[in-house]
Amino acid sequence: MRNVLSIVLPAALAVGFTLGTARMLVSAETQAPTRVTVTGEVVDTWCSISQIMYAEGTAHHQCAIWCAVGGIPVSIRDKDGNHYMVLRLESEADNVATPRLITIQSHSVTVDGDLYERDGVKYLFVDKVADDKGIVNMTHAQYGVVPFGE
Amino acid sequence: MTPSHVAFRAEVLTALAILSVLAGALTLSRPCTAADSWGLPNEKIVVLKGTVVDIACHLKGDCPANCGDGKRQLGLVTDDGKLRPVVKGGTDFAGAHRDLVSSCGKQIEADGLLIENPAMTVFFAQKLRASPQAAWQDTNAFLSHWKARYGETKEWMRDDPAVREKLAITGVLGIPGLAPPKP
């Protein structure tokens with residue numbers, strides 16, 4: 001009996017630990033996503049949310065490219081100031097500094113996708129960029145080039 | 001001094017002693033914070049304790065090995081169950097994904113700034129450690145990784161091949177042919 005317990009008990013503990021760890025990695029509380037269409041400007045999440053500098057349009061484009069290449073998340077900011085953090089853009093499986101995320105920085109877009117809201121953040125998985133108007137927010141005449149003026 | 005004054009004084013001293021002990025215990029039980037304030041709106045200096053997760057995996061069950069090996073946005077599921085996206089690390093203009101990925105699925109402590117903007121709550125990790133006994137490590141893995149790949153640099157973002165390629169086509173304003181205003 002003791003031999004059986006000495007085998008079964010550690011095995012049960014190992015299985016329990018593994019399942020517990022997996023549960024932490026994939027949320028047990030994940031809600032079903034909401035289908036949404038979002039229209040707004042693609043922005044650098046850090047500069048826009050922290051308000052550390054002016055973070056819109058042509059004036060901030062270079063900085064937005066730096067931050068996207070540096071792996072800072074890209075968001076879409078709509079006309080009401082809502083921010084949607086983009087965790088997938090069409091067919092790209094990754095979401096750090098992908099070619100498409102870099103390409104659409106500062107563009108005004110309309111996208112369709114799945115929205116998950118959790119703890120004060122709107123996370124967006126974009127299925128399709130329905131419209132891409134390119135960069136239309138001409139802010140450089142007023143703000144120059146942010147942050148270093150060059 | 002009357003007997004009632006003596007009794008009152010004793011009560012006050014006892015209360016102060018109890019408060020001192022409680023304050024000391026509270027100080028010892030709190031993690032030592034080292035993060036620098038940046039004076040940002042909605043900023044709060046905090047130490048988060050939690051498990052490192054690939055956010056897309058956590059929300060949607062789309063889970064590549066090892067939290068995407070540095071190609072996925074990472075966050076912390078804190079001990080109180082909150083999901084906090086870590087959007088910024090110690091390298092200028094860069095995230096903390098390279099610092100966090102080695103702790104995929106593990107418990108860590110992260111010292112930094114929680115930015116509770118009504119539009120979005122994000123975390124800027126300045127220092128990480130694996131346990132309360134471990135030393136804090138600066139979140140500069142992005143720059144280390146960059147230098148290992150491309151060499152020494154004063155400003156990685158001006159020397160980065162992807163940045164240079166993109167801006168050579170579009171210019172710093174993002175529109176070919178559009179020049180920055182003269183100072």
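Residues numbered from 1 in each chain as written. Chains lettered and ligands numbered in written order. Predicted model: local features only at pLDDT ≥ 70, side-chain atom pairs only at ≥ 80, totals over all residues.

### Topic: the overall build of chain A
Step number 1: When you go through chain A residue by residue, the secondary structure sums to five helices and five strands.
Step number 2: Across chain A, helices and strands are ordered from the amino to the carboxyl terminus as α-β-α-α-β-β-α-β-β-α.
Step number 3: The buried share of chain A, reckoned over its 150 residues, is 42%.
Step number 4: Partitioning the contacts of chain A with sequence separation of at least 6, the portion at a separation of at least 24 is 69%. (Helix = DSSP H or I, 4+ residues; strand = E, 2+ residues; numbered from the N terminus. Buried ≥ 20, exposed ≤ 12 C-beta atoms within 10 Å, placed from the backbone. Contact = placed C-beta atoms within 7 Å.)

### Considering the overall build of chain B
Step number 1: For chain B, the count of helices and strands is six helices and six strands.
Step number 2: Mapped in sequence order, the helices and strands of chain B form the string α-β-α-β-β-α-β-β-β-α-α-α.
Step number 3: Taking all 183 residues of chain B together, 36% fall into the buried category.
Step number 4: Considering only residue pairs separated by 6 or more positions, chain B has 54% of its internal contacts joining residues 24 or more positions apart.

### Description of the confidence of the model for chain A
Step number 1: Put simply, chain A has an average pLDDT of 88, and 80% of its residues get 70 or more.
Step number 2: Taken as a whole, residues 15-24 of chain A scores under 50 in pLDDT and shows four contacts with residues more than four places along the chain or in a different chain. (pLDDT = per-residue confidence, 0-100.)

### So, the interface of chain B and chain A
Frequently, the measure chosen for interface size is the accessible area removed from exposure when the parts meet.
Step number 1: Chain B puts 48 residues into the contact, and the matching count from chain A is 47 residues.
Step number 2: Breaking the side of chain B that touches chain A down by element, the ones donating at least two residues are strand E1 (43-54), helix H2 (55-60), strand E3 (83-88), strand E4 (107-117), strand E5 (120-129) and helix H6 (161-170) of chain B.
Step number 3: The class makeup of the residues in the side of chain B that touches chain A is 29 nonpolar, twelve polar and seven charged. (Nonpolar A, V, L, I, M, F, W, Y, C, P; charged D, E, K, R; others polar.)

### Some points on the confidence of the model for chain B
Detailed reading of the predicted coordinates is not advisable wherever pLDDT is low.
Step number 1: Taken residue by residue, chain B gives an average pLDDT of 89. The fraction at 70 or more is 81%.
Step number 2: Interface scoring of the predicted complex returns ipTM 0.83; its pTM is 0.83.

### Comments concerning the sheet that holds strand E2 (residues 74-78) of chain A
Either a parallel or an antiparallel arrangement is found when strands of a sheet pair, and the pairing is made through backbone hydrogen bonds.
All names here are of chain A.
Step number 1: Overall, mixed pairing links the five strands, which are arranged E1-E2-E3-E5-E4 in a closed barrel. Here the average twist between neighbouring strands, direction ignored, is 55 degrees.
Step number 2: Across the sheet, helix H3 (residues 61-69) lies against strand E1 (34-44) and E2, angled at about 115 degrees from E1, the strand it touches most. (Pairing = 2+ DSSP bridges. Axes fitted to C-alpha atoms, helices over the stretch in contact; angles between N-to-C directions.)

### Some words on the pairing of strand E4 (residues 108-118) of chain A
Residue and element names in this part refer to chain A.
Step number 1: With eight bridges joining them, E1 and E4 adopt antiparallel strand pairing. Across the sheet, Glu41 pairs through a bridge with Ser108, a residue of E4.
Step number 2: Note that E4 and strand E5 (residues 121-132) share ten bridges and pair antiparallel. Along E5, the bridge assignment pairs Arg118 with Val121.
Step number 3: Hairpin geometry of E4 and E5 is characterised by an intervening segment of two residues between the two adjacent antiparallel strands and by a positive phi of about 50 degrees at Asp119.

### Things to note about the nonpolar core
For soluble globular proteins, the rule of thumb is that nonpolar side chains tend to be buried together.
Residue and element names in this part refer to chain A.
Step number 1: Residues Cys67, Ala68, Val86 and Leu124 are the most contacted members of the largest nonpolar core, which totals 71 residues.
Step number 2: Tallying contributions element by element places H3 first for this core, with seven residues.
Step number 3: Ignoring any residue separated from it by four or fewer positions in sequence, one finds Ala68 in contact with Asp44, Val74, Ala97, Leu101, Ile102 and Gln105. (Core = buried A, V, L, I, M, F, W, Y, C linked by C-beta atoms within 7 Å.)

### Structural notes on H6(B)
Step number 1: Every buried residue of H6(B) is listed here: Val163(B), Lys166(B) and Thr170(B). Viewed end-on, H6(B) has its buried residues packed into an arc of 75 degrees, placing them on one side of the element. Set apart from the buried face of H6(B) by more than 90 degrees, the exposed residues are Pro161(B), Arg164(B), Glu165(B), Ala168(B) and Ile169(B).
Step number 2: On its buried face, H6(B) sits against H3 and helix H4 (99-103) of chain A together with helix H5 (156-159) of chain B.
Step number 3: Remark: Gly171(B) follows H6(B) within two positions and exhibits a positive phi of approximately 80 degrees. (Arc of directions from axis to C-beta.)

### Looking at the packing of H3(A) against H6(B)
Step number 1: With their axes 10 Å apart at the nearest point, H3(A) and H6(B) run at an angle of 150 degrees to one another. As for the relative orientation of H3(A) and H6(B), their crossing is right-handed in sense. For the pair formed by H3(A) and H6(B), the contact residues are Gln62(A), Ile65(A), Trp66(A) and Val69(A) on the first element and Ala162(B), Val163(B), Lys166(B) and Leu167(B) on the second.
Step number 2: Looking at the contact of H3(A) with H6(B) residue by residue, the class counts come to six nonpolar, one polar and one charged. (Left-handed = near helix turned anticlockwise from the far one by under 90°.)

### As for the pairing of E1(B)
Residues and elements named next belong to chain B.
Step number 1: Pairing of E1 with E4 involves nine bridges; the strand directions are antiparallel. Looking at E4, one finds that Gly50 is bridged to Ile108.
Step number 2: In this structure, E1 lies alongside strand E2 (residues 74-78), joined through five bridges in antiparallel fashion. Bridging across to E2, Val53 finds its partner in Gly75.

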